[in-house]
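What the coordinates show
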Amino acid sequence: LDSGQEFQNNMLRQGLPLLQCAALVLLLVGTADGAAISGCRELGFTETLVCSKCDRLAEAVKDEELVKECRSCCTQDVEETIKKAAKATLEICN
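Attention in this report is confined to the structure presented alongside it. Nothing here was measured: the structure is a model prediction, and the numbers come from that model.

1. A closer look at the overall build of the protein
Of the regular secondary structure elements, the protein holds three helices and zero strands. Sorting the 94 residues of the protein into buried and exposed places 10% on the buried side. Sequence-distant contacts in the protein: of pairs separated by 6 or more residues, those separated by 24 or more amount to 47%.

Encoded structure:
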């Protein structure tokens, strides 16, 4: 083998285990997120569940375990602020 081919073979032997480790880490991270979403779906909750709905659920039913599961699957609500004017004037021009 010439030195170029030998270099490529060495790099392949050294780089392959590192590439395999990186692929395994990515697979595990993706599986963990997928498992959480899948678990929430199995419980009957969707990805669009907001935590204020869990608060309403807690008021309606007294099942602490169900509310706990709801809170583990929800995302925080985004508060929209509505600004109101203290006064408005309407002028009609002819």
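Continuing now.
2. Examining the state of the cysteines
Between two cysteines, a covalent bond joining their sulfur atoms is known as a disulfide. Applying the stated rule across the entire model yields three disulfides. In this model, Cys40 is linked to Cys73 through a disulfide, with the two sulfur atoms separated by 2.0 Å. For the disulfide bridge between Cys40 and Cys73, the dihedral angle about the S-S bond is near -90°, and by the sign convention the bridge is left-handed. With a gap of 33 residues between them, Cys40 in helix H1 (residues 3-43) and Cys73 in helix H3 (residues 64-73) connect regions that are remote in the sequence. Take Cys40 and Cys73: they sit in the same class, and that class is buried. Put simply, Cys51 and Cys74 are joined by a disulfide, and their sulfur atoms are 1.9 Å apart. Taking the torsion about the S-S bond as the criterion, the Cys51 to Cys74 disulfide, at about 85°, is right-handed. With Cys51 in helix H2 (residues 51-60) and Cys74 in the segment after H3, this pair connects stretches of sequence that are 23 residues apart.

3. Some details on the nonpolar core
By size, the foremost hydrophobic cluster in this structure holds eight residues: Cys40, Phe45, Leu49, Cys51, Cys54, Cys70, Cys73 and Cys74. Breaking this core down by element, the ones donating at least two residues are H2 and H3. Setting aside its immediate chain neighbours within four residues, Cys73 contacts Cys40, Phe45 and Leu49.

Reading the values: rules and limits
Residues numbered from 1 in each chain as written. Predicted model: local features only at pLDDT ≥ 70, side-chain atom pairs only at ≥ 80, totals over all residues. Heavy atoms only, no water. Helix = DSSP H or I, 4+ residues; strand = E, 2+ residues; numbered from the N terminus. Buried < 20%, exposed > 50% of the residue type's maximum accessible area, 1.4 Å probe, protein only. Contact = heavy atoms within 4.5 Å. Disulfide = S-S within 2.5 Å. Core = buried A, V, L, I, M, F, W, Y, C linked by side-chain atoms within 4.5 Å.

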